[in-house]
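In case you want the letters, here they are:
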Amino acid sequence: MPRASFNVELDAANATWLSSDVAMLSTKTGELLLLMLVYDGRVVKRLDLSKSKASVLTSGITTVGNSFFFLGSFLGDSLLVQFTYGMGSSMLSSGLKEEVGDIEGDAPTAKRLRRSPSDVFQDLVNGEELSLYGSTPSNAESSQKTFSFAVRDSLINIGPLKDFSYGLRINADPNAVGIAKQSNYELVCCSGHGKNGALCVLQQSIRPETITEVELPGCKGMWTVYHKSTRSHNPDSSKIASEDDEYHAYLIISLEARTMVLETADLLGEVTESVDYYVQGSTIAAGNLFGRRRVVQVYGRGARILDGAFMTQDLSFGASNSDSTTGSDSSTVASVSIADPYVLLRMTDGSIQLLVGDTSTCTVSVSIPPVFDSSKKPVSACTLYHDKGPEPWLRKASTDAWLSTGIGEAIDGSDNSPHDQGDIYCVVCYESGDLEIFDVPNFSSVFSVEKMSGKNNLIDTIMRKDSAEEGRKVNTQNMNVVELAMQRWSGQHSRPFLFAILSDGTILCYHAYLFEGQETASRIDSSGQNSVNLSSISASRLRNLRFVRVSLDTYAREENSTGNYYNKRITIFKNVGGHQGLFLSGSRPTWFMVFRERLRVHPQLCDGSIVAFTVLHNVNCNHGLIYVTSQGLLKICQLPSATSYDNYWPVQKIPLKGTPHQVTYFAEKNLYPLIVSVPVLKPLSHVLSSLVDQEAGHQIEHDNVSSDDTYTVDEFEVRILEPEKSGAPWQTRATIPMQNLENALTVRVVTLFNTTTKENETLLAIGTAYLQGEDVAGRGRVLLFSVGRNTDNNPQNLISEVYSKELKGAISALASLQGHLLIASGPKIILHKWNGTELNGVAFFDVPPLYVVSLNTVKNFILLGDIHKSIYFLSWKEQGAQLNLLAKDFGALDCLATEFLIDGSTLSLMVSDEQKNIQVFYYAPKMSESWKGQKLLSRAEFHVGSRVSKFLRLQMLPTTDTLGSDKTNRFALLFGTLDGSMGCIAPLDELTFRRLQSLQKKLVDAVSHVAGLNPRSFRQFRANGKAHKPGPDSIVDCELLCHYEMLALEEQLEIAHQIGTTRQQILSNLNDLSLGTSFL
């Protein structure tokens, strides 16, 4: 049998069948191989293995359906790939062209992939190996199957997080104070491995890129409207396609006592004097009607319809319309909802009015829906929902779904009805807390729920068996819904979301779904009660409609809205930088973006409170936004485009084509030094000769090694990266290569006291080790570099080596301690002084027993983690120049990361281990169980469930309850894990801790857990068979506490009552925690 032209290693490969006779293998180097079974009848004649393409390093691969496969990756982004195969070789060239075209053609996914520059995608497009058919020269090629692939989707992965550092963003604002200052920072993380290695830049809050800003005090609201004079009556399909790209025509700004109108052409020019808009008072709302041919502007006592700048109709709402009572004379418009061609108004006295548009004449008339005229139930919030599209979603929810859609389509086809393919509904919340949905314009009720604010599942009242409900007395506090919004964003299988803001600032979000119940059951239900009414009503009811509550992050909560005047906070956007969702203004502005039918919640802290927001699309601002801060600044911005928002935190990936190991931040120059290793193929003889020292060994080795064998070796270097202006890839400013077989283990920015000049110097310190096999004693080097001014563009001038020294043992950790350099070299730590030209040892200590994993210093204290022997706590005394061991943990523990936790004046020691636990120790020499201070005592322990690879200590932000107290010097630890998750550990004061701990005990029983798994047993320390004395249970699990807000309102009040506190108090504590730790 002829030898194949390529070698392949299949250990750690994953495989799946693409069809009955073709299997796909993904190797450990990330290559895709095709294995074809060539068979004749029932006999397999041979196996053909061929290289296909390079892709991501996979940890699992599976076929989805018959034309997709999913590459799941622990080390890179996971991909969904579509494959097609044809017969014969003639297909090959066309198939490939098609495939590249496909990736580009599918706009949204291609965009998403371009935004996350995953090297995978480029690999698949360039296609490194295109030999798509087997290496069988003899056979006829026609029987060969040829495959072509196209990436359809990708899931961003930021794991495994090996290290991260905390630095300033490009567009940081040096004048920011308080919580707004935090959005100046970002986390730069080492993630991925090999060719999927990347730097991930994480930001918890969005910081838009400002195009321009002007002062504008006293703003109450803003709207942008479209206008084109030449608009056909019935827009054809080509117009609809370009609708998204139409520029806005006017920007309407409502101030306290007047309204400004600006043209949004090239420059924003004020045209208030020359237009017929109502400008003598503030505006409540503005929008487009009649397919963007008219603008409607609603103010306190009236409304105007405008054609561009000219008024075509003026309406006033007063006593004339409502002849019932003269008292309504004083009521003005409180809130407005526009859904072409209707405008829904809620007056300040809780009554409802509807403006009905007539598309033929482009005029509107005021009507009071008879439902609201008679009921006299005051309405607390209402909104219109336009169920767009050729197949409106809510029609499927009525009983005879198949019937109604058929009729609907027939009607739509026959005449140009005002509903441009779609239905309009009116969603209303009464002050009693009930929710009702009506269809417009008939206003027959199609869905209703009692006491919506307390429920997690909304089901039509007719469908519920009411007898059980009445038995329980509901003692909910009276919480009104003050704002409603319902929206279905574009997308293939999108379902509507319903948002409600309660008067205490809670935001409820519900996602609609269809529930096909058993028809018979519901029939019996309805016949039981007064069946005459029901049979007639239920035909039009949306009886299959259900809503389920979706959890939102806690930081969207806002403290109580002040006063009786409520400012509208929700603005829905269809396209801001290619994203869709809604923006929530107020004291904690937040973006809710919709991706894959789930909401991603990203706060925007950088400007404090935002009073008005609207989208803007014109020549200079492509799909951007305008907002006004409470300080009276109007900003025109765009969203940063390089960032992917379809993640818990916005993330930007910078591919490195190598494995990143450690990163640090050089603040003075805004540089990130980073250890990267790149796999390089070397001749095997070369590798062996460098390993073996003995001459005799040389001879033997060389005889057996053939000349063309290669071996992969990791080559290390330290790259110094600088973030470019936002969105651009980062630039490598300099590279420090390591010597042959030398691994860089640690890189740190250290501040050393120069004893000759008596000044502090900031230097870059690198610790390395030589890997020369087990026969050679370990050695390592310590390198010091100074980072200079980079005046010209010659990268070698940026850094210069000031010192290099070889030491015994690997240099695995470095730290600066009060101007000295502390080096962990093999099984000892040495403290050095710096005199400007060389390091001189001052003191040493013979710990750790094996190998230092991490080294932390604070003041003159040292915390050191050993690979097997847990942690050591030392101090340094300047007098007598000595390092003293204060205490250690006597248990055996495989440390991964350590850090000091500071809470006021208490110092704790934090350590994470191989068994996915974290422990907090403290030093208490006066306690008897500490064996006269030799032993560290346990303060708390917790099972995280992931290996924590790095802790970062950050000062907590002041919140409402900490302002008066003495605990201002509080630090929390941000941590990253090898699974790619981030977490935070923060100190709590005693009272809050007791309250939250008793809440946690209640929630273990009250919350229905995933798969019935008990959080109490999961969070127990895992010792894996080693002797371990259980420590105190003094960490509360916020993952569990976050479920409190998702309980039904009655349960929340009940649990709060049982532990002797109030719901408000608990939510305020959770809120302060999330605020105090919003570091990014």
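The sections below set out a description of the structure shown in this document. (Residues numbered from 1 in each chain as written. Predicted model: local features only at pLDDT ≥ 70, side-chain atom pairs only at ≥ 80, totals over all residues. Heavy atoms only, no water.)

1. Overview of unusual backbone geometry
Here the bond from G159 into P160 is cis, since omega is -20°, no more than 30 degrees from zero. Tracing the chain through its elements places P160 in the loop between β8 (145–155) and β9 (163–168). Cis geometry is adopted by the peptide bond preceding P341, which originates at D340 and carries an omega value of 0°. One can find P341 in the loop between β21 (333–339) and β22 (342–347). The backbone phi angle of F290 is positive, close to 55°, even though this residue is not glycine. Relative to the helices and strands, F290 resides in the loop between β17 (283–289) and β18 (294–299). Phi is positive for A881, close to 40°, though the residue is something other than glycine. Locating A881 in the fold gives a position in the loop between β56 (871–877) and β57 (882–888). (Helix = DSSP H or I, 4+ residues; strand = E, 2+ residues; numbered from the N terminus.)

2. Notes on the sheet that holds strand β37 (residues 598–603)
Two modes of strand pairing occur in sheets, parallel and antiparallel, and in both the strands are linked by backbone hydrogen bonds. Read from one edge to the other, the open sheet built from 4 strands follows the order β34-β35-β36-β37, with strand pairing classed as antiparallel. Sheet topology places β34 (570–576) and β37 at the edges, where each strand pairs with a single neighbour. Taken pair by pair, the neighbouring strands of this sheet meet at an average axis angle of 25°, ignoring direction. With 6 bridges connecting them, strand β36 (residues 590–595) and β37 associate as antiparallel partners. The residue bridging F592 from the neighbouring strand is V601, located in β37. (Pairing = 2+ DSSP bridges. Axes fitted to C-alpha atoms, helices over the stretch in contact; angles between N-to-C directions.)

3. Some points on the packing of aromatic side chains
Per the counting criterion, the structure on display carries 29 aromatic pairs. When the ring of F372 is compared with that of F438, the centres are 5.4 Å apart and the planes differ by 75°; the resulting orientation is edge-to-face. Taken together, the residues F372 in helix α5 (residues 370–375) and F438 in strand β27 (residues 435–440) connect sequence positions 66 residues apart. Neither residue differs from the other here; F372 and F438 are each classed as buried. Measuring from centroid to centroid gives 5.7 Å for F447 and F547, while their planes differ by 75°, and the two rings are edge-to-face. On the criterion of sequence distance, the pair formed by F447 in strand β28 (residues 445–449) and F547 in strand β33 (residues 545–550) is long-range, its members being 100 residues apart. Judged on exposure class, the residue F447 and its partner F547 are both buried. (Phe/Tyr/Trp six-rings, centres within 6.5 Å; stacked < 30°, edge-to-face > 60°. Buried < 20%, exposed > 50% of the residue type's maximum accessible area, 1.4 Å probe, protein only.)

4. So, the sheet that holds strand β30 (residues 481–487)
If you walk across this open sheet you meet the 5 strands as β29-β33-β32-β31-β30, and the pairing is antiparallel. The outermost strands of the open sheet, each flanked by one partner alone, are β29 (457–459) and β30. Geometrically, the sheet is characterised by an average inter-axis angle of 20° between neighbouring strands, direction not taken into account. Note that strand β32 (residues 507–514) and β33 share 6 bridges and pair antiparallel. The partner of C509 across the bridge, within β33, is V550.

5. Concerning helix α15 (residues 1049–1058)
Residues of α15 that are buried include every one of L1049, Q1052, L1053, I1055 and A1056, and no others. The buried side chains of α15 occupy one side of the element, clustering within an arc of 165° when seen end-on. Contacts from the buried residues of α15 go to α12 (990–1006) and α16 (1063–1076). Note on α15: the residue one or two positions beyond its end, G1060, has a positive phi of about 75°. (Arc of directions from axis to C-beta. Contact = heavy atoms within 4.5 Å.)

6. Things to note about a nonpolar patch on the surface
Taken together, Y39, V44 and L47 make up a surface patch of nonpolar side chains, about 300 Å² in accessible area. By secondary structure assignment, the location of Y39 is in strand β3 (residues 31–40). (Patch = residues over 30% accessible without salt bridge, like charges linked within 9 Å, V, L, I, M, F, W, Y side chains within 5 Å. Areas by Shrake-Rupley, 256 points an atom, 1.4 Å probe, with all protein chains shown as cover. Salt bridge = Lys/Arg side-chain N within 4 Å of Asp/Glu carboxyl O.)

7. Points about the pairing of β28
Judged by how many residues are buried, β28 sits mostly within the fold: 5 of 5 residues are covered. For β27 and β28, the ladder comprises 4 bridges, and the chain directions are antiparallel. Bridged to F438 within β28 is S445. Counting the residues that bridge the hairpin from β27 to β28 gives 4 residues, and of these F443 lies at a positive phi of roughly 55°.

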